Structures are given as C-alpha cells and as structure tokens.
Amino acid sequence: MRESQGEPGESHKERVDRELAELLQGLRVAVTGVQVLFAFLLTLPFQAGFPRVDTLGRWLFFVSLMAAAFASVCFITPAAQHRLFFRTGLKEKMLHRANELGVAGAVFLLIAMTSAVALVTETVINNWPAALFAGAVAVSGAWFWILQPLVDLYRNRGNTSLE
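Residues numbered from 1 in each chain as written. Predicted model: local features only at pLDDT ≥ 70, side-chain atom pairs only at ≥ 80, totals over all residues. Heavy atoms only, no water.

1. A word on the nonpolar core
Threshold: For the purposes of this section, nonpolar cores are sets of buried Ala, Val, Leu, Ile, Met, Phe, Trp, Tyr and Cys residues that join through side-chain atoms within 4.5 Å. Partly exposed residues are those whose accessible area sits between 20% and 50% of the maximum for their type, while under 20% is buried and over 50% is exposed, using a 1.4 Å probe and protein chains only. Under the scheme used here, helices are H or I runs from DSSP no shorter than 4 residues and strands are E runs no shorter than 2 residues, and both carry numbers assigned from the N terminus. In this description, contact between two residues means that some pair of their heavy atoms is separated by no more than 4.5 Å.
Grouped together as the largest cluster of nonpolar side chains are 28 residues, with contacts concentrated most on Val34, Leu37, Leu41, Phe61, Phe75, Leu109 and Leu119. Looking at this core element by element, the count peaks at 9 residues for helix H1 (residues 12-43). Other than its neighbours up to four places away in sequence, phenylalanine 75 contacts Leu27, Ala30, Val31, Val34, Gly102, Gly105, Ala106 and Leu109.

Quick look at the structure:
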C-alpha cells in the first residue's frame, strides 16, 4: 500500500493528525451501527419468544452476538488507545493500527449482520430463504466494504496522484 502524499503545504505531523481525525470520525459512524445491533442481540434471549428458536437459530444468535462484540472491540479500541497514547509520539503507529482494526471491525460487523439476518429470516420464514438473504447481505457487504476497494487499489497501483 502506498504512503499518502498529504495535502499541499501540509507537514508530516499535520497529515498524521488529519488522517487520524478522519479515521476516528469514520469509526464513530460504524460504532453506532454495531452498538445498535449489539444492544438488540443482548436483549433477544430475554424476550418471550426466544425459547422457540431452534438449535440453528441459537447458533446464528451466538455467532452474531460474538461478532458484534468483536466488532465493538475493534471499533472502540482506537479511541481508547488515543487516550493512552496521548503525547507519547506514537500517533502514527496508532493510526496504522486503527486502520487495521477498522478493517477487522468491518469484517466482524459483516459477520454479525449476516448471521442476524439469517437468524431473523430462519425464525420468521424458513431455512433456505435465510441462507439466500444472509448470503445477499454477506456478498454485498464483502463487495462494497472490502473487495471493491481492493480492486480499486489494484487498478490504481503506481498512481501517485493526490486524492
């Protein structure tokens, strides 16, 4: 992956500060979504109809719950580390780590969303539509969040123009 060139007249420190602010803002958006899903999943077993969920549904619930928990950890870690690394000179290291955690968090969020859709669809309709709709969520999320950006990076490798 190529190193960002920064804005014209921007120092290295200013670039790192800007990139970190942009990254943290993006993670704030993702955190909200995963927190809503996680809160829903935490309350689900205490609902009156949950005992009627079959074994497959319980596994889908567990996978979704754990993936949402891991996504939360990945998305919240950069903010916590930002506080711990304050004025230590490790901001650029934290920026690279936060980027990696953001990608991991997106993967976990996609797993959580896919299994949650499968759980609801399997409970409300049936097994094969659950696989179909969950697969549609998984494929669309994998394409838009991961594969399409990777294709763009591959196609633009060597291009040093500024964004």
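2. Focus on the pattern of salt bridges
Here is the rule: We count a salt bridge whenever a side-chain nitrogen from Lys or Arg sits within 4 Å of a carboxyl oxygen from Asp or Glu.
Under the counting rule described, the total for this entry stands at 3 salt bridges. Among the salt bridges present, the one from glutamate 19 reaches arginine 15, with a minimum N-O distance of 3.1 Å. Here glutamate 19 and its partner arginine 15 are both found in helix H1, 4 residues apart, which amounts to about one turn of the helix. Of the two residues, glutamate 19 and arginine 15, neither departs from the other in class, the shared state being buried. We note a salt bridge from glutamate 22 to arginine 18, for which the minimum N-O separation is 3.2 Å. Residue glutamate 22 and its partner arginine 18 are located together in helix H1, separated by 4 residues, close to a single helical turn. On the accessibility criterion, glutamate 22 (48% relative accessible area) is partly exposed. Overall, the relative accessible area of 22% leaves arginine 18 in the partly exposed class.

3. A look at the environment of phenylalanine 38
Here phenylalanine 38 lies in helix H1. Under the relative-accessibility criterion, phenylalanine 38 is labelled partly exposed at 22%. For phenylalanine 38 and alanine 131, which are 93 residues apart along the polypeptide, the C-alpha to C-alpha distance reads 21 Å. Residues in contact with phenylalanine 38, not counting those within four places in the same chain, are Leu65, Ala68, Ala69 and Ser72.

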